[in-house]
Structure formats: structure tokens, C-alpha cells
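# Coordinates in review
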Amino acid sequence: MTFTTRPTLTGTLGMVSSTHWIASSTGMRMLELDGNAADAAVAAGFVLQVVEPHLNGPGGDLPLIVSSVQDPTPRVLCGQGPAPAGATPEHFAQAGLDRVPGSGPLATAVPGAVDAWFTLLRDRGTMSARQVLEPAIHYARHGHPIVPRVSSTIESVRELFTSDWHTSAEQWLIDGEAPAPGSIVTNPAWAHTLERLLEAERAAVQGGASREGGIDAVLRTWRQGFVAEAIGAFAQQAFRHSGGAVLPGVITAQDVAGFEATWEDAVTMQWRGHTIAKTGPWGQGPALLQVLAMVDEVAGGPEAHVDLDTVEGLHTLVEAWKLAMADREAWLGDSVEEGSELHVPVAELLAADYLAQRAALIFEQASRELRPGSPGGRTPRLAAQALHVEGAEVDPDDATAGEPTVQRDGATRGDTCHVDVVDRWGMLVSATPSGGWLQSSPFIPELGLALGSRLQMMWLEQGLPSSLVPGARPRTTLTPTMVLRDGIPVLACGTPGGDQQDQWQSVFLLRHLAGGLGLQEAIDAPNVHTTSFPGSFHPRASEPGVLVAESRLGESVLAGLRARGHEVLDQGPWSLGRMCAVARDPETGVLSGAANPRGMQGYAVGR
């Protein structure tokens, strides 16, 4: 039997895998109380906002995918809020900025996570808002022991908090210092906000409203009541942004009131007997589908073995990712209208002949070029700044700058969470909440939350798929995955990690679905990614030729990759990815779950 860091859990009642054990246990409690996967995901999601405040928050974003035996068509719920009405290129130019900052009120998109969680509960759940929110209220009111990375993140922005973001200092510092790992941290303001939202549910139900009507009352209160008003008022204050500018934000109560999470069709592709479902082109998910097809093309077809423990297998995968991410930069985004030269139907980017042409660009030596394709003969266009950010330096002390988990300097900054759930009735949910980190924007004391900084993913240059356009969604890196077999959902998975999310998922999917490894074995296996394309986060740096790898791949493999021209960065044995996964065998009904040991926070629970 192959050693794994923990067992692949199996059972028949339910499975929850998330990036924090408290959230996983919370989700499992909902399943124990006869809730379904949607109920469990919502409860876990709100707890993640409390126990991983450096990785997500109520002011952030959320895409998720849901599928079930009863309703198998995978559906995407988009909780990625758009750019506020006042977030125009002209406004940034008048402020003397040539790009969106990595942190501060100006980088704020409309918060979407809370709206999406309640929408999932209303449309797919069975429980009341009060039932699923009780654990989050408990931990916000009475506290929880913080993990070391929360403490280190607060320490990294302590000077900013004490000098400028004073409301954040009051919430997160104790006598001017970061709380020690393991100490109890509370957020009573957020507990009070949740309780005020529940008052709306209680009043509606007492007035004769259904369960769904009670949740609608919560949504109305969030969108149009005290929350929106407090966000709009707070954003008028000027705060320091990354880069040093002291400016107010532009988000208003009207921006918040105008947003509703939306259900959308997933983008899907058939791959090795499975249907892989991802978000639309407002996320980077379609790039994963491109890569899986290109790897098969180079390997010799969908039956060919791809060995990711060899130089050849890893080289092929990394080179495919360079091509897919070049296409991401040229063609994916929410800012171009149909009919525009830069608007490409996703079907064209996933067409077999187009991907075969792209795969033919994978040669024996590593490429250092950014090579977007020309679907339908269109001429690709890249942001001018994307062509001039090679080797851009990130201040290792600036924890507000960007999301990537691992930088060249090894520093850990803002990141993301993930939760997967499967229930005994065959519903699966894959959700990747992020944004609204404690280090992304000043703390709003009336609400107990910080706003997000997702607008940093948009270019001020106009005419691009990811240009800053009021009302358009930033092209997010958040990218959950749902997998179906014979039309039935069998696997939900995902990971934090910014631009690396889909890269790490591709390693997992190739090892698990194509290579036959079990869930935990595939998660434990050595990981890689490349940074040889413009990053999504401030300062949008590119590192041509760089391949980041775990040392467990072995020195001979790493040396072979260097011989192919890759600039290999050895990040140690256990450093890349925080994969979560749950699965269901449609023939037996047996459920399974696994989680990543890296970071020592993620856990799967189930029975």
C-alpha cells in the first residue's frame, strides 16, 4: 500500500473537504442534521470567513459549481462582483495611477461572496439562514484559536495598520502587536452584522414567508439596507493604497444594491471519459480545459499515459500552460462585447483543431515567449504593460500586494480558500471563496469586514478582454472544478493559489483521473507550476521560463528540466497547492474525501 499523509476517507453519509478543519467540521455538522451539500457548503463558507480572515472575507468574491444526481447539469453560481460605476480609467488617471493598486478602497469590486452564499442556500439548500449561520456567529462572537499564518499576516501589515489603517489596527492588533498563534481572536462586529441580517429572516417568516422568502429578506437587507449604506459611507474616506497613494474609494451603496449573484451555464469539455466543468471566460477556468486537451495531443491521444514524475511529462504540461495562459491574457475576460474583434466564443478556444495547432508549438526546449493564438484568424492583442513587467519586483514586506501563494522570494501573501461537499443524495458543490482579506482594505468597524481588491486584475488600458470597465467583472483566478462521468457528478475539487489554481488542479486531475491514483495519493504527489506569463495581481509581473517545483520530484528530474531550458525554482518538499477533493462512486454510492497536508490547515471529514 502506498503511503499517504492521511487516508482517503470513505463513507456513505457525506464528505466535506476544506482549507480549514473548523470549516470542514462545520459543514459535516449540517450533513449530520440532514442538511444537503448546499447547506453544508454555505455553513462552511461563512465559517471560513471567520477562521481564515487573511484568505477570504465577507467583502470578497465567490464562484462555485453545483451538480447532483437529480439535476446533473453543472451550474455555475457567479459571486464575482463587477467594477463599481465610478471605477473608470479616467478616475484612476486623475489620481495619478497607471494601474489599479493591489490593495485599498480603489481596488474594490462590488462584494459578491455573501450574496452568492445566500443565493445557493435559497435555491439549492434546505435549511434556514439561522441554522447555517449559527457556527459562524459563534466563532465570530466567542473566538477561535488562530493559525500561525493569520498571526504572521497581521504582523506583516502591522506598520500599515498602526500608521494608516487604524480601524484594522483596532480589530486585529493587541496592544499594538499581532496576536500570537493559538490565541483567541473574535470579530463581534461581524457577529452583530449576521444577527441583524437574521432579524430580517425572522420577521419575514413570522409574517408568513416561506424558507426561501426568509432568505430573500436577508438578501434584500444585505443589498439595500445597512450593509450597503455602511460600505458606501466608509469608502468615502481616504486610505493608503499599495504604492503609497492616499485616496478614497469609489464604491457606493447603489453599486452594492445593483448586484445579484447569477446562475450560469458551465463551460464543459469531454476528457478521458469525463466531463470537466468550469466557469465562463470571466474566470481562468477555460485555460484548464485547453491544457488537458493539449497534453493529450502531445502525448498521442486520450489513451496515452502521461507520467508527471518524468521530465517529458512535466515539460509538456508546463509548456501547455504557457500557451493557455497566453490565450488567457489575449482572449479571456468580461470587458469586450460580442462583435468586438477581441470577443471569442469559448467554443473556438476549445475547438480540437485550434488546440492541435497550439499543441504543435510545444517543442523540446522551454519557451520564454508569450505566444497567444489566433482563433478564427483574429489578431491577438495584449496589454502594453503586460509586455514590460518581466522581473518586476514585489516588496517582500508588502503583504497587501497580490494573491499568489508563493513568490520568487518565498514570501506568503494574500490567498484564497476552498470547500468541496458531497452528500448522500448525490449533490456535489465546489466553491472557491476569496478576497476581502484583512490585508486587502481597511476594516469597516460598523460591519466587521474588509472590502476586496479584485479590480487589480483589470487593465486601465482600454479595449482588452480584461480592461477596467464599470459593470464588468474582473477576470478572476478563482476556479472551482466539477467532474461528471456518464452525465452524473463524480468529483468536486479545487485549490487556493491565484494564477496557480488551475495549474495545480491539472496535476491532480492527470494523476487521479488519467493516472489512477487515489484522491489523497494524487493530492500528496509532488507539484509544479510556471510563472512564465503576466500575473493577475499587482504588479502583474512575468517571469519568462520560470518553473516552480517541489523538491520531491527528485534532483534528476529537476536537472532534466533545467537541461530543457527551464529556470527551475526548488521550493522545498511540501510547498505548492492546497487541493481539496470529494468524490462519489455512482455505482455503489460510496463517498470519498481528501485534503492537502501542505500548510497544515486543510482537512476532510466524513462518514
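Small disclaimer: the values here were computed from a predicted structure and weren't measured.

## Re the environment of Gly-554
- When you line up the elements, Gly-554 lands in the loop between β19 (546-549) and α19 (555-563).
- Gly-554 sits 176 residues away from Arg-378 along the chain, and the two C-alpha atoms are 42 Å apart.

## With respect to the side chain of Arg-511
- Along the chain, the position of Arg-511 falls in helix α17 (residues 501-514).
- According to the relative accessible area criterion, Arg-511 is buried, its value standing at 6%.
- Excluding its chain neighbours within four sequence positions, the residues that come into contact with Arg-511 are Leu-308, Asp-309, Gly-516, Leu-517, Ala-522, Ala-525, Pro-526 and Leu-553.

## Details of unusual backbone geometry
- Between His-538 and Pro-539 the backbone carries a cis peptide bond, its omega angle lying at 10 degrees.
- Although it is not a glycine, Arg-272 adopts a positive phi angle of roughly 50 degrees.
- We classify Arg-272 as buried; its relative accessible area is 18%.
- A positive phi angle is found at Arg-540, which is not glycine, with a value near 65 degrees.
- Looking at the secondary structure, you find Arg-540 in the loop between β18 (528-530) and β19.

## Structural notes on the packing of aromatic side chains
- Evaluation of the coordinates by the stated rule reveals five aromatic pairs.
- On the numbers, 5.1 Å between centres and 45 degrees between planes, the contact of Phe-46 with Phe-118 is tilted. Separated by 72 residues along the polypeptide, Phe-46 in helix α2 (residues 37-51) and Phe-118 in helix α4 (residues 113-124) bring together distant segments of the chain.
- On the basis of relative accessibility, which here comes to 0%, the residue Phe-46 falls in the buried class.
- Ring plane angle 25 degrees and centroid distance 5.3 Å describe the contact between Phe-234 and Phe-239, whose orientation is recorded as stacked. The two residues Phe-234 and Phe-239 agree in class, both being buried.
- Over the face of the ring belonging to Tyr-603 we find Arg-6, whose NZ or CZ atom lies 4.1 Å from the ring centre.
- Here Arg-552 stacks its cationic end above the ring of Trp-574, 3.5 Å away from the centre of that ring.

## Things to note about the sheet that holds strand β20 (residues 567-570)
- As summarised here, the arrangement of the three strands in space is β18-β19-β20, forming an open sheet in which the pairing is mixed. The open sheet has two free edges, formed respectively by β18 and β20, since each of these has just one partner strand. Ignoring strand direction, the axes of neighbouring strands in this sheet form an average angle of 25 degrees.
- Inspection of the sheet shows β18 paired to β19 by three bridges, in the antiparallel sense. The residue bridging Thr-530 from the neighbouring strand is Leu-547, located in β19.
- This element, α19, spans β19 and β20 of the sheet and lies at about 150 degrees to β20.

## Quick word on helix α11 (residues 226-234)
- Burial of α11 is extensive: seven of the nine residues sit out of reach of the surface.
- Those residues of α11 that are buried lie in contact with α8 (166-172), α9 (188-206), α10 (211-224), β7 (239-240), α12 (253-257) and β14 (443-444).

## Quick notes on α17
- Given a rise of 1.5 Å per residue, 14 residues ought to cover 20 Å, and the 19 Å separating the end C-alpha atoms of α17 matches this to within 8%.
- With 13 of its 14 residues buried, α17 lies for the most part within the structure.
- Phi turns positive one or two residues past the end of α17, at Gly-516, with a value near 85 degrees.

Quick notes on the rules
Residues numbered from 1 in each chain as written. Predicted model: local features only at pLDDT ≥ 70, side-chain atom pairs only at ≥ 80, totals over all residues. Heavy atoms only, no water. Helix = DSSP H or I, 4+ residues; strand = E, 2+ residues; numbered from the N terminus. Buried < 20%, exposed > 50% of the residue type's maximum accessible area, 1.4 Å probe, protein only. Contact = heavy atoms within 4.5 Å. Phe/Tyr/Trp six-rings, centres within 6.5 Å; stacked < 30°, edge-to-face > 60°. Lys NZ or Arg CZ within 6 Å of the ring centre and 35° of its normal. Pairing = 2+ DSSP bridges. Axes fitted to C-alpha atoms, helices over the stretch in contact; angles between N-to-C directions. Expected span 1.5 Å × (residues − 1).

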